[in-house]
Structures are given as structure tokens and as C-alpha cells.
Amino acid sequence: MRILLTNDDGIHAPGLGVLERIARQLSDDIWIVAPAEEQSGAGHSLTLNRPVRLRQHDERRFSVSGTPTDSVTMALRKVMPEKPDLILSGVNRGANQGDDITYSGTVSAAIEGTLAGIRSIALSQIYAKGKGGDVSFDAAQQWGARALRPLLDMEFSERTLVNVNFPARPADEVEGIRVVRQGFHDYSRGTLVESVDPRGFPYFWFGLESVEHTPGHETDLEAGEDGFIAVTPLQLDLTHYPSLERLHERYRGDS
């Protein structure tokens, strides 16, 4: 099985090393194409206003001066001799849950693979608030291959991918694996921190607040807080089908 690894934290990110160790439990045919620098929050963006540079670090390890989407595109169109059987994106430093997945470069790299018809999985390690750069990937490291193996011979529905989040716990305290739906944050609980830099100019910093729980704890947000690995299938079709007929009625006679 040929596996492509990528991320949004950059080619030198500790989580990418964790992902490589996970992937080598599954295959010895591993390729790595990742952004040269951190691209967190890049979403599914594509670099169009400047050239993209490709740097080779060793035989199967490359970095790209662009986004996670650029990295997957370069891997498939330039670097790899054949398409991979599997794309793994991560392990991200920090959660990619709920509606935050729309911002996520990690998930977006998997989306790009899905668009190319390749089985793609995003992996993220939740960490405790206030940890900053001191993030433990123990849960992802010890549980990663176990979480992935059931997906390797599973037929994914067309234009779908899988999003995996590991809880902020030591591996031996993980409760298990829970298949859950995507949750949604309370948008009003986000924060905007305003301050002044040493030169006297204002700056702003976006912050995130605590999770809103849903009845039954059925989403990826609660699964992580409850100590479970959250496995969530995602689809690329954003069409809201129940609204189609109502909109047809609204525009009837104009078509």
C-alpha cells in the first residue's frame, strides 16, 4: 500500500513525525509532501498569486512553499510516480472538530485527496488548554494504527473522507473509539482580543472558548472531552437537499 503523508503544521512539525511512525506500521511505501512552513487555518486554499517552490529533502520527502492543498496537488501531479492508495493528513497539533473543520488545512488536504478519488483521512491531536507548544501526541502515537486499520479495507462512499481526533489524555487513559457526527460550536462564544504592540499600533488575536454540549454527547466535540477517539465521516457535497424543492417553487416561472 502506497501512502502519502501531509499536514498543515509544516514539514518539520512533531505531529508529522508521529504520523510517519503510525504509517510505517501499515506500510513501508511512504511518501511525504508537506508545507515548508505552518499553514494552520489555511482551509482549502490554493496558492494563485505567487509561484510555488518544491524542495526535496530525501528520496521520498518533499516540502512545498504553499498550502496543504498545494502540497497534495504537487504530490499527485509532480512528485509521485503513481497515485497513492491512501492519503493521511496530520497529526495536527490541536483539534479539528465541529465547524472548525472548515478552517482546517489538515482536513482540507484530505479533501483535496478525496477530490482526486483517493481514500483520505485527517488526524488531529487535541491538547489541553494552555499547553501551547508543549503538546503530547501520546494518544495519537499509541492509538493511531489501531484507529486506522478498520478503515483500510473499507469502501468509502464517493466524495467522502474520515476525520479522526485523539483526546487530550495519555494513551492508557483513552476510553476507546467512538463513531460520531460533526458538532457545532456556539459562534457567539468566540473571543477577539485587542491590544497594542510596542510601537503603539493596535492588533487583534482570535480566541476560542469552551465547547457547547449536545444532548446525548453524540458529536466529535463531546467525544474528545469524554476521553474517546472521535471518528467522523465527512462529505464534500454541501447541497442542502430538503431546500431544493422549496427553492424550485420560489423561482418557478423564472427558469
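Predicted, not measured: the structure shown is a model, and the values here were computed from it. (Residues numbered from 1 in each chain as written. Predicted model: local features only at pLDDT ≥ 70, side-chain atom pairs only at ≥ 80, totals over all residues. Heavy atoms only, no water.)

S.K.: I'd love a proper account of the side chain of Thr232, names of residues and values included.
M.R.: With respect to the helices and strands, Thr232 occurs in strand β11 (residues 228-235). Residue classification places Thr232 among the buried residues on the basis of a relative accessible area of 2%. Within polar-contact distance, the side chain of Thr232 engages the backbone oxygen of Val180 at 3.1 Å. Apart from residues no more than four positions distant in its own chain, Thr232 is found in contact with Leu161, Val162, Asn163, Val180, Arg181, Gln182 and Asp220. (Helix = DSSP H or I, 4+ residues; strand = E, 2+ residues; numbered from the N terminus. Buried < 20%, exposed > 50% of the residue type's maximum accessible area, 1.4 Å probe, protein only. Polar contact = N/O pair within 3.5 Å; in protein donor to acceptor, adjacent residues only side chain to side chain. Contact = heavy atoms within 4.5 Å.)

S.K.: Explain the sheet that holds strand β5 (residues 86-93) to me, and be specific about the residues and the numbers.
M.R.: The mixed open sheet is built from 9 strands, whose spatial order is β3-β4-β2-β1-β5-β6-β7-β11-β8. Both edges of this open sheet fall to β3 (54-58) and β8 (176-179), since each of them pairs with a single strand only. Taken pair by pair, the neighbouring strands of this sheet meet at an average axis angle of 20°, ignoring direction. Here strand β1 (residues 2-6) pairs with β5 via 4 bridges, running parallel. Across the sheet, residue Leu5 finds its bridge partner in β5, namely Leu88. Relative to the sheet, helix α2 (residues 68-79) contacts β1, β2 (29-35), β3, β4 (61-64) and β5, its axis offset from that of β2 by approximately 135°. Here helix α4 (residues 138-152) sits on the sheet in contact with β5, β6 (119-125), β7 (160-166), β8 and β11, set at roughly 155° to β6. (Pairing = 2+ DSSP bridges. Axes fitted to C-alpha atoms, helices over the stretch in contact; angles between N-to-C directions.)

S.K.: Please set out unusual backbone geometry residue by residue, giving values where relevant.
M.R.: Cis geometry is adopted by the peptide bond preceding Val91, which originates at Gly90 and carries an omega value of -15°. Looking at the secondary structure, you find Val91 in strand β5. Residues other than glycine seldom take positive phi values, yet Arg159 does so here, at roughly 60°. Relative to the assigned elements, Arg159 resides in the loop between α4 and β7.

S.K.: Can you break down the nonpolar core residue by residue, with the values?
M.R.: Within the largest apolar cluster, 34 residues are counted, with the highest numbers of intra-cluster contacts made by Leu5, Leu88, Ile121, Leu123 and Phe166. Of all elements in the fold, only β1, α1 (14-23), β2, β5, β6, α4, β7 and β11 reach the threshold of two or more residues within this core. A per-element tally of this core places α4 first, with 7 residues. When sequence neighbours within four positions are dropped, the list of residues in contact with Phe166 reads Leu123, Ser124, Gln125, Ile126, Ala139, Ala140, Trp143, Gly144, Ala147 and Ile229. Judged by nonpolar contacts, the second largest core, of 13 residues, contains Met74, Ala75, Val79 and Ala109. (Core = buried A, V, L, I, M, F, W, Y, C linked by side-chain atoms within 4.5 Å.)

S.K.: Report on α1, specifying residues and quantitative values.
M.R.: The buried fraction of α1 is high, at 7 of 10 residues. Of the surrounding secondary structure, the elements contacted by the buried residues of α1 are β1, β2, β4, β5, β6 and α4.

S.K.: Please give an account of the pairing of β4 that cites residues and values.
M.R.: Pairing of β2 with β4 involves 4 bridges; the strand directions are parallel. When the bridges of β4 are listed, Val33 appears paired with Phe62. Pairing geometry for β3 and β4, over 4 bridges, is antiparallel. Along β4, the bridge assignment pairs Asp58 with Arg61. Where β3 folds back onto β4 in an antiparallel hairpin, the turn is made up of 2 residues.

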